Amino acid sequence: MPPAIYTDKHAALGISDIRLDCPVITGTEGEQAIDVAQLRARTGLVALDPAFVNTAAVKSSITFLDGELGILRYRGIPIEELADRSSFVETSYLLVYGDLPNHEQLHRFSTLLTRHSLIHEDMKNFFTGFPPGAHPMAVLASMVVSLGTYYPDSLNVDNRAQMDITIARLISKVRTIAAFAYKKSIGQPFVYPQNHLRYCANFLNMMFSVPAEPYEVDPELEKAMNLLLILHADHEQNCSTSTVRMVGSAKANLFASISAGICALWGPLHGGANQEVIEMLENIRDDGGNVKKYVALAKDKASTFRLMGFGHRVYKNFDPRAKLIKVAADRVLSRLGIKDPLLDIAKELEDAALSDDYFIERKLYPNVDFYSGIIYRAMGFPTNMFTVLFALGRLPGWIAHWREMMLDPTTKIARPRQLYTGPTHRHYVPLEERG
Ligand code: ACO
């Protein structure tokens, strides 16, 4: 049996009279990559691959996904098993540290998260500096990078002793910051974390309780929250994770790297799509519910409209997360006794798109964002918080990648090349001589 990662083939690249032998590296799941590390040094040429469609930027042992077969595994464990049996805290540990924790490791990790849930009291003042309509993703990104100012010891990424505590601080405090941002936006008092509550219940309590009356966390909501966070927890080298790695490769501290990842996630083609999906479904509803009209619009090349929550760079068959979330949407809404017309429109839209040649030919399927917003909506989250919830879920994945990179002695600063297409050499012309 070959070793886990091995090279037994070579690809040859011939340019003029130069012949470059490139090792073909096979990963643990049989995927193969041509190693072009010597390309520029030996030939003077660079590889041009816009949007990294063909480029593996790293070797990583965190998450495996097969877009053709719809497989997603964290550290080897299928997402379906984790969704069914794990907790978000346990899954976070798995992603960051590589294995499921034993009793003692889980206890230690959970205790760290519990102990570090408060933010510095002075940070509460930051929230008042934002205008009333501030998008909570902007607030979250600002607050996360600001955390670094309170923990100067964590700014040196080579300080290994600090790494675990910084990781726990971040996973715990981002939850508090997200809930405080929401409370500020609706003018309610901040609700502090409660040590006796589990991770998701604690978050829901900070979000939805008010000091004036008792609040019991609905176990159905806690379960749904747990599921959604697990399903979002990692997705290998997506746009935001690659951003975290890019920033971290300059040895930027964890707070700064994660803040950059949050900004990338905010984009509507990435995590911001969950907000866009609900806004699209609302538009369709307000426009009389004519699903076919919007499917036609999405196909119309003269229009910029796309079916939000549809399509994926990697999944070309189905997104296993979307499959689980669709089932959960039905279950959560029925248990909460909620009838949401947007769910019916979403299903109608999915059926219409999946039987349409345009979507079939291009292998466009619902992605993770298509049904998640319907659950968040039923749980009482406002639309502009959806991407924040995605960030909360994706956090352990980002951290796992940042840590993997920091512990790898071969890591170098990420610095892509380009193919220059601008003007060739020309001279400065004084202002008065310009036409
Ligand atoms: N609606 C209509 N057409 C689409 C859609 C869509 N949602 N997605 C892709 N297409 C079409 C494109 O127009 C293109 O058609 P063409 O070949 O005729 O030019 C073809 O399908 C391929 O699309 P690309 O944009 O080249 O695919 P890419 O891999 O670059 O983009 C992406 C993937 C960004 C997810 C895209 O499918 C999209 O914009 N989807 C909507 C936004 C969305 O849901 N994003 C969330 C993704 S999941 C996540 O990040 C968490």
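Let me sum up the structure you'll find in this document. (Residues numbered from 1 in each chain as written. Predicted model: local features only at pLDDT ≥ 70, side-chain atom pairs only at ≥ 80, totals over all residues. Heavy atoms only, no water.)

The environment of the ligand is made up of 20 residues, and the closest members are His270, Arg306, Leu307, Gly309 and Arg313. Between the ligand and the protein, one listed contact pairs an oxygen atom with a side-chain N or O atom of Arg306 at 2.7 Å. Leu307 is positioned such that a nitrogen or oxygen atom in its backbone is 2.7 Å from a nitrogen atom of the ligand. In the complex, 75% of the free accessible area of the ligand, which totals 910 Å², lies under the protein chains. Along the lines of polarity and charge, the residues of the shell around the ligand split into 10 nonpolar, five polar and five charged. (Near = heavy atom within 4 Å. Polar contact = N/O pair within 3.5 Å; in protein donor to acceptor, adjacent residues only side chain to side chain. Areas by Shrake-Rupley, 256 points an atom, 1.4 Å probe, with all protein chains shown as cover. Nonpolar A, V, L, I, M, F, W, Y, C, P; charged D, E, K, R; others polar.)

Okay, the layout of surface pockets next. The space that makes up the second largest pocket amounts to roughly 320 Å³. In terms of lining residues, the second largest pocket is bounded by 16 residues, among which Val89, Ser110, Leu197, Arg198 and Tyr199 are the most central. Of all the elements in the fold, those that place two or more residues in the lining of the second largest pocket are helix 3 (88-97), helix 4 (103-115), helix 8 (199-208) and helix 9 (219-232). With five residues, the top contributor of residues to the lining of the second largest pocket is helix 4. (1 Å grid on protein atoms, 1.4 Å probe; cavity = no way out; pocket = protein on both sides within 12 Å on 5 of 7 lines; lining within 4 Å. Points joined across faces, edges and corners; volume = space filled by probe spheres on them. Helix = DSSP H or I, 4+ residues; strand = E, 2+ residues; numbered from the N terminus.)

Turning our attention to the sheet that holds strand 5 (residues 71-74). The three strands are arranged 4-5-6 in an open sheet whose pairing can be described as antiparallel. The outermost strands of the open sheet, each flanked by one partner alone, are strand 4 (63-66) and strand 6 (77-78). As paired strands, strand 4 and strand 5 are joined by four bridges and run antiparallel to one another. Bridged to Asp66 within strand 5 is Ile71. (Pairing = 2+ DSSP bridges.)

Looking now at the packing of helix 10 (residues 239-248) against helix 18 (residues 386-407). In a packed pair of helices, the relevant descriptors are the angle between the two axes and the axis-to-axis distance. At a closest axis distance of 9 Å, the pairing of helix 10 and helix 18 adopts a crossing angle of 35°. With respect to the hand of their crossing, helix 10 and helix 18 are arranged in right-handed fashion. Residues Ser240, Thr241, Val244, Arg245 and Gly248 of helix 10 lie in contact with helix 18, whose contacting residues are Arg394, Trp398, His401, Trp402, Glu404, Met405 and Met406. Looking at the contact of helix 10 with helix 18 residue by residue, the classes come out as five nonpolar, four polar and three charged. (Axes fitted to C-alpha atoms, helices over the stretch in contact; angles between N-to-C directions. Left-handed = near helix turned anticlockwise from the far one by under 90°. Contact = heavy atoms within 4.5 Å.)

Turning our eyes to something else, we now look at the sheet that holds strand 2 (residues 18-26). Read across the sheet, three strands follow the order 1-2-3 without closing on themselves; strand pairing throughout is antiparallel. Every interior strand has two partners, whereas the edge strands, strand 1 (6-15) and strand 3 (32-34), have only one. Direction aside, the axes of adjacent strands within the sheet are offset by 25° on average. Pairing geometry for strand 2 and strand 3, over three bridges, is antiparallel. Pairing of Ile25 across the sheet is with Ala33, part of strand 3.

This part covers the nonpolar core. Ranked by size, the top nonpolar core spans 117 residues in total, and within it Leu170, Ile258, Leu281 and Phe381 carry the most contacts. A per-element tally of this core places helix 18 first, with 13 residues. (Core = buried A, V, L, I, M, F, W, Y, C linked by side-chain atoms within 4.5 Å. Buried < 20%, exposed > 50% of the residue type's maximum accessible area, 1.4 Å probe, protein only.)

Another point: the pattern of salt bridges. The tally for this structure, following the rule as stated, stands at 17 salt bridges. Residue Asp287 is joined to Lys293 by a salt bridge in which the shortest nitrogen-to-oxygen separation is 2.6 Å. Asp287 gets classed as partly exposed once you look at its relative accessible area, which sits at 32%. Residue Lys293 is classed as partly exposed on the basis of its relative accessible area, which comes to 41%. Linking Asp340 and Arg377 is a salt bridge whose minimum nitrogen-to-oxygen distance equals 2.8 Å. Taken as a pair, Asp340 in the loop between helix 14 (320-336) and helix 15 (341-354) and Arg377 in helix 17 (residues 369-379) lie far apart in primary sequence, 37 residues in all. (Salt bridge = Lys/Arg side-chain N within 4 Å of Asp/Glu carboxyl O.)

Of the pairings in the sheet, the one linking strand 1 to strand 2 comprises nine bridges and is antiparallel in character. Residue pairing across strands places His10 opposite Pro23, the latter belonging to strand 2. Connecting the antiparallel pair strand 1 and strand 2 is a turn made up of two residues, with Ser16 showing a positive phi of about 50°. The antiparallel pairing of strand 2 with strand 3 creates a hairpin that spans five residues between the two strands, and Gly30 there sits at a positive phi of about 85°.

Turning our eyes to something else, we now look at helix 9. Between its terminal C-alpha atoms helix 9 stretches 20 Å, which fits the 20 Å expected from 14 residues at 1.5 Å a residue. In terms of burial, helix 9 is a largely internal element, 12 of the 14 residues being buried. Among the residues making up helix 9, those that are buried are Glu220, Leu221, Glu222, Ala224, Met225, Asn226, Leu227, Leu228, Leu229, Ile230, Leu231 and His232. Backbone nitrogen of Glu220 and a side-chain oxygen of the N-cap are separated by 2.8 Å at the start of helix 9; the cap is Asp218. (Expected span 1.5 Å × (residues − 1).)

By secondary structure assignment, the location of Met406 is in helix 18. For Met406, a relative accessible area of 10% gives the class buried. Linking Met406 and Ser249, residues 157 residues apart in sequence, is a C-alpha distance of 7.9 Å. Among all residues touching Met406, those that are not within four sequence positions of it are Val157, Arg160, Met163, Gly248, Lys251 and Ala252.

So, on to the packing of aromatic side chains. Following the criterion strictly, the structure yields 20 aromatic pairs and no others. Their ring planes at 75° and their centres at 5.4 Å tell us that Tyr93 and Phe109 sit as a pair that is edge-to-face. Of the two residues, Tyr93 sits in helix 3 while Phe109 sits in helix 4, which places them 16 residues apart along the sequence. For Tyr93, a relative accessible area of 12% translates into the label buried. According to the relative accessible area criterion, Phe109 is buried, its value standing at 4%. For the ring pair Tyr376 and Phe386, a centre distance of 5.5 Å and an interplane angle of 40° mean the geometry is tilted. Note that Tyr376 is positioned in helix 17 and Phe386 in helix 18, a separation of 10 residues in sequence. (Phe/Tyr/Trp six-rings, centres within 6.5 Å; stacked < 30°, edge-to-face > 60°.)

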